[in-house]
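What the coordinates show
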Amino acid sequence: MNEQIFSLLYAHRDGFLSGQKIAGQLGLSRTAVWKGITSLKEAGAVIESQPNRGYRLADCSGLFDAAYLKELLAGTSFAVNPQVFGSLPSTNTYLRDKGYNEDVPDFTVAVAGTQTGGRGRMGRSFHSPADGLYFSVLLRPRLPLSQVQMITVAAAVALYETLREDYGLENAGVKWVNDVYAGRKKLCGILTEGSIDAETGTLHFAVMGMGVNLGSTAAFSEELRPIVTSLADEGRPEPDRLLLCSRILRRFEALYRLLLNGGQKELLLRYKQALFMLGERVRVLAPAGAYEAQAVDIDPQGGLIVVDDEGAQHVLKSGEISLKLL
C-alpha cells in the first residue's frame, strides 16, 4: 500500500493530490490513505498537506524506502526488484544466498542502512556505520571466468565517474582493483563474489557489493582514521543516499552492458583513466612473498602490470595479491 501511495505522490510531485483522489485511484479507504501518508512521513518523506488541496511530496532526500529507490531506478533493469533494509549482516551475503534460487531475478538490488557483518576482500571486515551507503546487486551473466574481474572494474568506474561528475569530487581516483579513493585515503570498497557453473566453466551468478563512506570518519577506530575518508570529510554535504545509489547503478548498468556486448577495450580505457596509482611505487603482498615494484599499466583482462626492482615484469590478478601504496 505504501509503495502505491508513494508512486502516485511521486508521479504528481509538482502539485497536490486530494486524499479522496488517492483513495479512488488505489481503491483504498481515506483512513488507509492517511495511515500510508503517516508511515511515509515516519520513513523520512516530507509530505505537505493543505485543507481542500490534499497532499504533496515535497522532499524525498531523507527517505530510505524501496518504493523511492524503485522510482529513482525507473527505466533500468534494477527497477525490477529493489529491496531496502535498515540493517543487514551483509548485503553481499544476503544476495549470494538468494543467487542459488533461480526465481530471484537478475539485477536484484539490496540496500542496507548499516551492516553488522560487512566483508571486504580476503576475509577482511568492512566497517559499516549507519551513515554510509551499502548495497549489492545480483547478476546472472554468462561470462567466461577470465572476465569476472571486469564486473569490479565496471563498478569502480561507475562510482568514480559519479563522484566526479555528479558530486564534484575532483580528487577521486581508483586504486587497483577495487577501492575508490579521495586523495590518498580510501572512500569506498567493492567486493565481487560469484558461483561457477561447473558444466560450462562460466559464471552461474555474481554479486557485486559496494560500501561508500558518507558521514564523518571521526568515530572510526584509531587504526582506520588515518587511511580512510568520506564525502563529509571531503567537504561534501550529506547526500540523498538512495539518489546516490541510483546514480551509481545507472552508470554501472551502462558499463556492464558495454562489457556484455564486447566493449571490454573501451571499459578498460575508462578504468585506466580512473587509476591514480599508475607510475606509483607499491608493495605487493603475494603468496610467494612481499616485494616492491612500480605499477606501470593494466593488461587486457584488467590485471595490474608491475615491474620489480630487478626489472622483472609481473601481472597481478585480483584475489591473488594485495597492494600497499608507498
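Everything discussed here concerns the structure shown above.
About the thresholds
Residues numbered from 1 in each chain as written. Predicted model: local features only at pLDDT ≥ 70, side-chain atom pairs only at ≥ 80, totals over all residues. Heavy atoms only, no water. Pairing = 2+ DSSP bridges. Helix = DSSP H or I, 4+ residues; strand = E, 2+ residues; numbered from the N terminus. Axes fitted to C-alpha atoms, helices over the stretch in contact; angles between N-to-C directions. Salt bridge = Lys/Arg side-chain N within 4 Å of Asp/Glu carboxyl O. Buried < 20%, exposed > 50% of the residue type's maximum accessible area, 1.4 Å probe, protein only. Core = buried A, V, L, I, M, F, W, Y, C linked by side-chain atoms within 4.5 Å. Contact = heavy atoms within 4.5 Å. Lys, Arg positive; Asp, Glu negative; His and termini not counted. Polar contact = N/O pair within 3.5 Å; in protein donor to acceptor, adjacent residues only side chain to side chain. Phe/Tyr/Trp six-rings, centres within 6.5 Å; stacked < 30°, edge-to-face > 60°.

Now for the sheet that holds strand S5 (residues 133-139). Spatially, the seven strands line up as an open sheet ordered S3-S4-S5-S9-S8-S7-S6, and their pairing is mixed. Either end of the sheet is taken by a strand with one partner, and the two such strands are strand S3 (82-85) and strand S6 (172-175). Strand-to-strand, the axes of this sheet are offset by a mean angle of 15°, without reference to chain direction. Here S3 runs beside strand S4 (residues 108-112); their pairing, made up of four bridges, is parallel.

Another point: the pattern of salt bridges. Opposite charge on two side chains makes pairing possible when the charged atoms of those side chains draw close. Summed over the entire model, instances satisfying the criterion amount to 17 salt bridges. Its salt-bridge partner being Arg140, residue Glu102 comes within 3.6 Å of it at the nearest N-O pair. Taken together, the positions of Glu102 in the loop between helix H5 (91-99) and S4 and Arg140 in the loop between S5 and helix H6 (149-167) put the pair 38 residues apart, joining distant regions of the chain. Using a relative accessible area of 17% as the deciding quantity, one classes Arg140 as buried. Arg281 serves as the salt-bridge partner of Asp309, at 2.8 Å between the closest nitrogen and oxygen. You can see Asp309 sitting in the loop between strand S12 (304-308) and strand S13 (313-316) and its partner Arg281 sitting in strand S10 (residues 281-286), a full 28 residues away along the chain. With relative accessibility at 52%, the residue Asp309 sits in the exposed group. Given the relative accessible area of 33%, Arg281 is considered partly exposed.

For a regular strand, the rule is simple: side chains alternate between the two faces of the sheet. Pairing of strand S7 (residues 179-182) with strand S8 (residues 185-197) involves four bridges; the strand directions are antiparallel. Paired with Asp179 across the strands is Gly189, a residue of S8. Here S7 folds back onto S8, and the loop between the two strands holds two residues, one of which, Gly183, carries a positive phi near 65°. Judged from the 10 bridges that link them, S8 and strand S9 (residues 202-212) form a sheet pairing that is antiparallel. Along S9, the bridge assignment pairs Ile190 with Met210. Hairpin remark: S8 followed by S9, antiparallel, with four residues in the connecting loop; positive phi at Gly201, about 70°.

Ranked by internal contacts, the top residues of the largest apolar core, which has 87 residues, are Val111, Met210, Phe252 and Tyr271. When residues of this core are assigned to their parent elements, the largest contribution, 12 residues, is made by H6. In this view, Phe252 contacts Phe78, Val137, Leu139, Ile151, Ala154, Ala155, Ala158 and Met208; residues no more than four positions away in its chain are not counted. Judged by nonpolar contacts, the second largest core, of nine residues, contains Leu88, Leu95, Val104 and Val207.

Here Asp308 shows up in strand S12. Buried and unpaired, Asp308 has no salt bridge, with Arg281 as the nearest side chain of opposite charge at 8.4 Å. In terms of polar contacts, Asp308 uses its side chain to reach the backbone amide nitrogen of Ala312, at 2.9 Å. Among the polar contacts made by the side chain of Asp308, one reaches the side chain of His314 at a distance of 2.8 Å. In this structure Asp308 touches Tyr291, Glu292, Ala293 and His314, once residues within four positions along its chain are discounted.

For the rest of this paragraph, the subject is the side chain of Thr217. Assignment of secondary structure puts Thr217 in the loop between S9 and helix H7 (241-260). Here Asp233 takes part through its side chain, which lies 2.4 Å from a polar atom of the side chain of Thr217. Excluding its chain neighbours within four sequence positions, the residues that come into contact with Thr217 are Arg225, Val228, Thr229, Ser230 and Asp233.

Tallied over the full model, the rule gives 10 aromatic pairs. On the numbers, 6.4 Å between centres and 35° between planes, the contact of Phe78 with Phe252 is tilted. Taken together, the residues span a long stretch of sequence, with Phe78 in the loop between helix H4 (66-72) and S3 and Phe252 in helix H7 at a distance of 174 residues. Residues Phe78 and Phe252 agree in their burial class; the two are buried. Taking 5.7 Å as the distance between ring centres and 15° as the angle between the ring planes, the aromatic pair formed by Phe252 and Tyr256 counts as stacked. Highlighted residues: Phe252 and Tyr256, both in helix H7, separated by four residues, approximately one helical turn.

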